[in-house]
Amino acid sequence: MTVSLPIEEYEALKAKLRSAETSLKNVRAENTVLREELRLAKRLQFAHKSEKWTQEDKAQQLIFNEIETGAESSVVESEVEPRTEVKGHSRKRKKKASIPDNLPVEEIIHDIDESQKTCACGEKLSEIQPDRRRELDLIPAKLVVKEHVYRQYACKSCEGTADESKPGVLSATRNHIIPGSFASPGLLAYILVSKFDDHLPFYRLERIFKRLSVELSRTTMCNWAVQVGRKLSRMLVLMRKDLLSSDFVAADETTLQVLDENGRPARAKSYMWLFKSGPPDRPLLIYRYDPRRSTDVLRNNLRRYNGALLSDGHEPYAIFARENGIIHAGCWAHARRKFKEAYDAGGSGHAESILKIIGRVYHYERVMQEENATAEEILHFRRLKSARLFKFLFRKLVKLEAEITPSSPLGKAIQYALGERQKLEVYLSRPHIPIDNNAVERAIRPFVVGRKNWLFSGNEKGASASAAIYSVLQTAHANGLDSYWYFRYLLEKLSYPQSRADLEALLPHRIDPSIISEFQKAQN
């Protein structure tokens, strides 16, 4: 039986059907996005946190995307240039634990009883080549009191009245890094390196000193740290001058909680900024505390800077670069990280093919680094190889943008990469700019690790002092200096007035490492 409907009702039913189909399609898309986000959240909580792409990851993803992944892999291999052959690199074996040759050796003789030194035949046993076994022993730290005696001289005859322009009493003098305290440069170096390099909070150091029978409160150590931070202010001025004169600066920031900030609640977020520059063999790191995460921080710290800026996609960096007309390079690690998250969510095989392309470019960068390529060779290789790969990659991303749900992890990754494209391609034409900002992220990690232990800074002065100490210690560490011996040497020198030339020679990225080695030998 056929039922005929008026044309108006028929069109209305068709419209309702289309609306229902659209709603169902949206619900399915939303369901897919939610499943991907749930899968990613579980992976972030329970799986390994490494951003490296492994065969294990690939095997797990194939369970969900076998057909699409296979198709995408074939497209990548066919459309991208043939794989470039490079000479093989042997994997370095891990060094076994060993005893350093530069440690003092205490020889302990073990002998048998005299009654055993006679043979059964009646002859006396002769000593032959001894058997030796080395052990590494540890002697707990010990505190030593150094009492300084300042000899004084006076004339008993005239009692200094013969020449009133000269003092009546002459005394040998010695300046102190913190006047009025019993802190020596060695003690201060130990305390500050333990906190800012070994990540030990002051309350743990307080317990360590108590085991050594010394009552040294965390308040006292905190006050000492603030005063040392002030002593480093002149050095920070010179380090900032070197930073601003460099070809490029890499920047990043992380959160910091400061309890007693003027006009702000205790739980308000503040920030520790990090600026890194200098050649690879002489890196320079400057940490700066600021309660803001805005362009004003960059205006204050990079005023009159005209080099290139390397950063993530945080908007204040882009604003600062536009205001000052400087080159702004993007970070491929941040772009890749978003595709890795989409891959971990398991929603699409497209993420794998994109990671493969980016991984190929990173492989080229590693090869050039291992081969110590010159600036001309790096520029040639990037234009010849990397630029072609990224041209293909962005063409692929533009096509996928119309197909992938924008709110999905992959959609967000695509939008980020396309939005940052101009900045991400800057490094291709400038050999002195690295492909990513990983060096800065590694440099800011010591602060993050320390923050997990000591949780917060007490006040703004403490946060600023921490930034100054981190700047000097981490720059010394990045330049291969022993942080304790460098800081001890530095604090001894800073006890006396220093000319600008002398102070420049003490900077951690300028000092001759042999000076610290000789100083260490003299102290031992």
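Residues numbered from 1 in each chain as written. Predicted model: local features only at pLDDT ≥ 70, side-chain atom pairs only at ≥ 80, totals over all residues. Heavy atoms only, no water.

(A) Spotlight on the overall build of the protein chain. Scanning the protein chain from N- to C-terminus turns up 18 helices and 8 strands. For the protein chain, the residues scored as buried account for 39% of the 524 residues in total. Restricting to contacts in the protein chain with at least 6 residues of sequence separation, those with at least 24 account for 68%. Summing over all exposed atoms, the protein chain offers an accessible surface of approximately 32800 Å²; the carbon and sulfur share of this is 52%. (Helix = DSSP H or I, 4+ residues; strand = E, 2+ residues; numbered from the N terminus. Buried < 20%, exposed > 50% of the residue type's maximum accessible area, 1.4 Å probe, protein only. Contact = heavy atoms within 4.5 Å. Areas by Shrake-Rupley, 256 points an atom, 1.4 Å probe, with all protein chains shown as cover.)

(B) Expanded view of the environment of Glu315. Note that Glu315 resides in helix H8 (residues 315-324). It is 8.3 Å that separates the C-alpha atoms of Glu315 and Thr295, two residues lying 20 residues apart in sequence.

(C) Region of the structure containing the pattern of salt bridges. Following the criterion strictly, the structure yields 21 salt bridges and no others. The residue Arg510 makes a salt bridge to Asp242 at a minimum N-O spacing of 2.8 Å. Linking Arg510 in the loop between helix H17 (500-506) and helix H18 (513-523) with Asp242 in helix H6 (residues 233-244), this pair joins segments that are 268 residues apart in sequence. Owing to a relative accessible area of 38%, Arg510 belongs among the partly exposed residues under this scheme. Members of the salt-bridge network, linked through shared partners, are Asp290, Arg292, Asp296, Arg299 and Glu323. (Salt bridge = Lys/Arg side-chain N within 4 Å of Asp/Glu carboxyl O.)

(D) Quick peek at the packing of helix H11 (residues 375-401) against helix H12 (residues 409-419). Direction vectors running N to C along H11 and H12 enclose 130°, while the axes themselves pass 10 Å from each other. Our classification of the angle between H11 and H12 gives oblique. As for how H11 packs across H12, the hand of that crossing is left-handed. In this structure, H11 uses Phe394, Leu397, Val398, Leu400 and Glu401 to contact H12, whose residues at the interface are Ile414, Ala417 and Leu418. Residue classes in the contact of H11 with H12 are distributed as 7 nonpolar, no polar and 1 charged. (Axes fitted to C-alpha atoms, helices over the stretch in contact; angles between N-to-C directions. Parallel < 35°, antiparallel > 145°, perpendicular 65-115°, else oblique. Left-handed = near helix turned anticlockwise from the far one by under 90°. Nonpolar A, V, L, I, M, F, W, Y, C, P; charged D, E, K, R; others polar.)

(E) Up close: the pairing of strand E3 (residues 248-260). Relative to strand E6 (residues 308-310), E3 runs parallel, the two being bridged by 3 bridges. Bridging from a neighbouring strand, Ala250 pairs with Leu310 of E6. Pairing geometry for E3 and strand E4 (residues 269-277), over 8 bridges, is antiparallel. Looking across to E4, one finds that Asp252 is bridged to Leu274. Looking at chain direction, E3 and strand E8 (residues 457-459) are connected through 2 bridges and run parallel. Looking across to E8, one finds that Asp260 is bridged to Asn459. (Pairing = 2+ DSSP bridges.)

(F) Fine view of the side chain of Ser311. Position of Ser311 among the secondary structure elements: in the loop between E6 and H8. In contact with Ser311, other than residues within four places in its own chain, are Ala251, Tyr317, His328, Ala329, Gly330, Cys331 and Asn437.

(G) Region of the structure containing the nonpolar core. Counting residues in each nonpolar core, the largest one holds 116 residues, and the members touching the most others are Leu232, Leu302, Trp332, Phe339 and Phe487. Once residues lying within four places of it in the same chain are set aside, the contact partners of Leu232 are Ala468, Ile469, Val472, Phe487, Leu490 and Leu494. (Core = buried A, V, L, I, M, F, W, Y, C linked by side-chain atoms within 4.5 Å.)

(H) View of the environment of Leu103. Residue position: Leu103 is located in the loop between helix H2 (55-79) and strand E1 (152-154). We classify Leu103 as partly exposed; its relative accessible area is 38%. Taking C-alpha positions, Leu103 is 9.6 Å from Leu136, a pair spaced 33 residues apart along the chain.

(I) Summary view of the packing of helix H5 (residues 218-231) against helix H15 (residues 460-478). H15 packs onto H5 with a crossing angle of 55° between their chain directions and a minimal axis gap of 8 Å. What the angle tells us is that H5 and H15 run oblique. Helix-helix and strand crossings are classified by hand; for H5 and H15 the assignment is left-handed. Judged by residue contacts, Ala225, Val226, Gly229 and Arg230 of H5 engage Lys461, Gly462, Ala465, Ala468 and Ile469 from H15. Split into classes, the residues belonging to the contact of H5 with H15 amount to 5 nonpolar, 2 polar and 2 charged.

(J) Fine view of H11. In H11, a bend of some 40° at Arg382 exceeds every other bend along the element. When we look at burial in H11, the residues that qualify are Ile378, Arg382, Lys385, Ser386, Leu389, Phe390, Phe392, Leu393, Phe394, Lys396, Leu397 and Leu400. (Bend = angle between axes of the 7 residues up to and from the residue.)

(K) Just H6, in detail. Between its first and last C-alpha, H6 extends 17 Å over 12 residues, near the 16 Å set by a 1.5 Å rise per residue. For H6, the complete set of buried residues consists of Met235, Leu236, Leu238, Met239, Asp242, Leu243 and Leu244. (Expected span 1.5 Å × (residues − 1).)

(L) Inspection of the pairing of E4 at higher detail. The element E4 is extensively covered by neighbouring structure, given that 8 of its 9 residues are classed as buried. For E4 and strand E5 (residues 284-290), the ladder comprises 7 bridges, and the chain directions are antiparallel. Each residue of the ladder has a partner; that of Met272, found in E5, is Tyr289. What sits between the antiparallel neighbours E4 and E5 is a turn of 6 residues, in which Gly278 has the positive phi angle 95°.

(M) Local environment of the confidence of the model for the protein chain. Per-residue pLDDT for the protein chain averages 83, and the proportion of residues at 70 or more is 83%. Per-residue pLDDT stays below 50 along residues 59-87; that stretch engages in 42 contacts with residues further than four places along the chain or on separate chains. (pLDDT = per-residue confidence, 0-100.)

(N) Representation of the side chain of Ser246. Locating Ser246 in the fold gives a position in the loop between H6 and E3. Look at Ser246 and you get buried, because its relative accessible area is 15%. There is a polar contact of 2.6 Å between the side chain of Ser246 and the backbone oxygen of Leu243. At 3.4 Å, the side chain of Ser246 forms a polar contact with the backbone oxygen of Phe248. Excluding residues within four positions of it along the chain, Ser246 makes contact with Ser277, Gly278, Tyr305 and Gly307. (Polar contact = N/O pair within 3.5 Å; in protein donor to acceptor, adjacent residues only side chain to side chain.)

(O) Structural context of the packing of aromatic side chains. As enumerated under the stated definition, the model contains 14 aromatic pairs in all. Taking the centre distance of 5.5 Å and the plane angle of 85° together, the rings of Phe182 and Trp224 count as edge-to-face. Remark: Trp224 occurs in helix H5 and Phe182 occurs in the loop between strand E2 (169-171) and helix H3 (185-196); sequence separation between them is 42 residues. Accessibility expressed as a relative area gives 5% for Trp224, which makes it buried. A centroid spacing of 6.0 Å and a plane angle of 75° characterise the contact between Trp485 and Phe519, whose relative ring orientation is edge-to-face. With Trp485 in helix H16 (residues 483-494) and Phe519 in helix H18, this pair connects stretches of sequence that are 34 residues apart. Each member of the pair, Trp485 together with Phe519, is buried. Among the aromatic side chains, those forming a connected cluster through ring pairs are Phe196, Tyr287, Phe447 and Tyr470. Directly above the aromatic system of Phe196 lies the positively charged group of Lys195, at a separation of 5.4 Å from the ring centroid. (Phe/Tyr/Trp six-rings, centres within 6.5 Å; stacked < 30°, edge-to-face > 60°. Lys NZ or Arg CZ within 6 Å of the ring centre and 35° of its normal.)

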